[in-house]
Amino acid sequence: MRFHIKTILVIFISVFMLTAFTNTDSTYNFEVKKGIDFYNGDYQEALENAKAEKKLVFVYLYANWCGVCKSLKKNTFRDASVGEFYNKEFINLSLNAEKGEGAEIARSIGLRSYPTLLYVDANNGRILNRVSGYKTPIQFINLGKIFTQKQ
């Protein structure tokens, strides 16, 4: 009986400690790692919001099966410095290029590879640049700076 109580107590404490040290919520005063906040709306709304806020639009076109897309999302888009820069300078939109509005945009631009990153001028809807492939956080920030310095 004592063995079972000790075992349950050890498991309980272990689970509590694991939860406390892996939780990134500010409740535990750990640094919250915040990446890009993607806009929860459609392309036209993103353009309108960007125009009102005097920002550019960043569009991430992906496919669910794309491994490079998953790596970009996991490693680059979740980076705190990337989030700080892109959330300040862009309205960010993530679209599945094989469904709905994302598929329409992919067809209209002749999408050939995943992921494709679009930088769009909200004032006229013109695509300023289109880039494909994986980017490290530094590469991605530097890419964004090219377009924000032109404005």
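Keep in mind the model is a prediction, meaning the values are calculated, not measured.

### Some words on the overall build of the protein chain
No. 1: What the protein chain contains, in helices and strands, is six helices and four strands.
No. 2: Going from N to C terminus, the protein chain has its helices and strands arranged as α-α-β-α-α-β-α-β-β-α.
No. 3: Counting only residues that meet the buried cut, the protein chain has 36% of its 151 residues in that class.
No. 4: Counted over contacts in the protein chain with a minimum sequence separation of 6, partners at least 24 positions apart contribute 67%.
No. 5: When the accessible surface of the protein chain is totalled, it reaches about 9600 Å², and 55% of it is carbon and sulfur.

### Points about unusual backbone geometry
No. 1: For the bond from Y114 to P115, the omega torsion is -15°, close enough to zero to count as cis.
No. 2: Following the sequence through the fold, P115 ends up in the loop between α5 (100-109) and β3 (116-120).
No. 3: With a phi angle near 55°, K54 is a residue other than glycine that sits in the positive phi range.
No. 4: With respect to the element layout, K54 can be found in the loop between α2 (43-53) and β1 (56-62).

### Re the pattern of salt bridges
No. 1: One pass over the full model with this rule turns up three salt bridges.
No. 2: The partner of D37 in a salt bridge is K34, with the nearest N and O atoms 2.9 Å apart.
No. 3: You can call K34 partly exposed: its relative accessible area is 46%.
No. 4: As a salt-bridge pair, E53 and K55 come within 3.3 Å of each other at their nearest N and O atoms.

### A short note on the nonpolar core
No. 1: Ranked by size, the top nonpolar core spans 20 residues in total, and within it F58, F77, Y86, L117, Y119 and F140 carry the most contacts.
No. 2: Within the residue set of this core, elements represented by two or more residues are β1, α3 (67-76), α4 (80-89), β3 and α6 (137-150).
No. 3: Examining the composition of this core, we find that four residues originate from one element, α6, more than from any other.
No. 4: Not counting the four nearest positions on each side in its chain, F77 is found in contact with G35, I36, F38, F58, Y60, L72, V82, L117 and F140.
No. 5: Grouped together as the second largest cluster of nonpolar side chains are 18 residues, L47, A50, L61 and A106 included.

### Notes on the state of the cysteines
No. 1: Counted according to the given criterion, the structure contains one disulfide.
No. 2: Each sulfur in the disulfide pair C66 and C69 lies 2.5 Å from the other. Here the disulfide of C66 and C69 is right-handed, its torsion about the S-S bond being about 85°.
No. 3: Looking at C66, the relative accessible area reads 4%, which means it is buried.
No. 4: Accessibility expressed as a relative area gives 2% for C69, which makes it buried.

### Here we look at the sheet that holds strand β4 (residues 127-132)
No. 1: In space, the four strands of this open sheet follow the order β2-β1-β3-β4, with mixed pairing throughout. Taken across any chain shown, the strands that pair with only one partner, and hence form the sheet edges, are β2 (90-96) and β4. Averaged over all neighbouring strand pairs, the angle between strand axes comes to 15°, with direction disregarded.

### Focus: the side chain of N92
No. 1: With respect to the helices and strands, the residue N92 is situated in strand β2.
No. 2: Those residues in contact with N92 that lie beyond four places of it in its chain are I36, D37, F38, Y39, F58, Y86 and N87.

### Thoughts on the pairing of β4
No. 1: By the bridge criterion, five bridges tie β3 to β4 in an arrangement that is antiparallel. In the strand pairing of β4, T116 is matched with S132.
No. 2: Linking two consecutive strands that pair antiparallel, namely β3 and β4, is a turn of six residues; a positive phi of about 75° is found at G125 within it.

Rules behind the numbers
Residues numbered from 1 in each chain as written. Predicted model: local features only at pLDDT ≥ 70, side-chain atom pairs only at ≥ 80, totals over all residues. Heavy atoms only, no water. Helix = DSSP H or I, 4+ residues; strand = E, 2+ residues; numbered from the N terminus. Buried < 20%, exposed > 50% of the residue type's maximum accessible area, 1.4 Å probe, protein only. Contact = heavy atoms within 4.5 Å. Areas by Shrake-Rupley, 256 points an atom, 1.4 Å probe, with all protein chains shown as cover. Salt bridge = Lys/Arg side-chain N within 4 Å of Asp/Glu carboxyl O. Core = buried A, V, L, I, M, F, W, Y, C linked by side-chain atoms within 4.5 Å. Disulfide = S-S within 2.5 Å. Pairing = 2+ DSSP bridges. Axes fitted to C-alpha atoms, helices over the stretch in contact; angles between N-to-C directions.

Remember that the coordinates give geometry; whether it matters functionally is a separate question.
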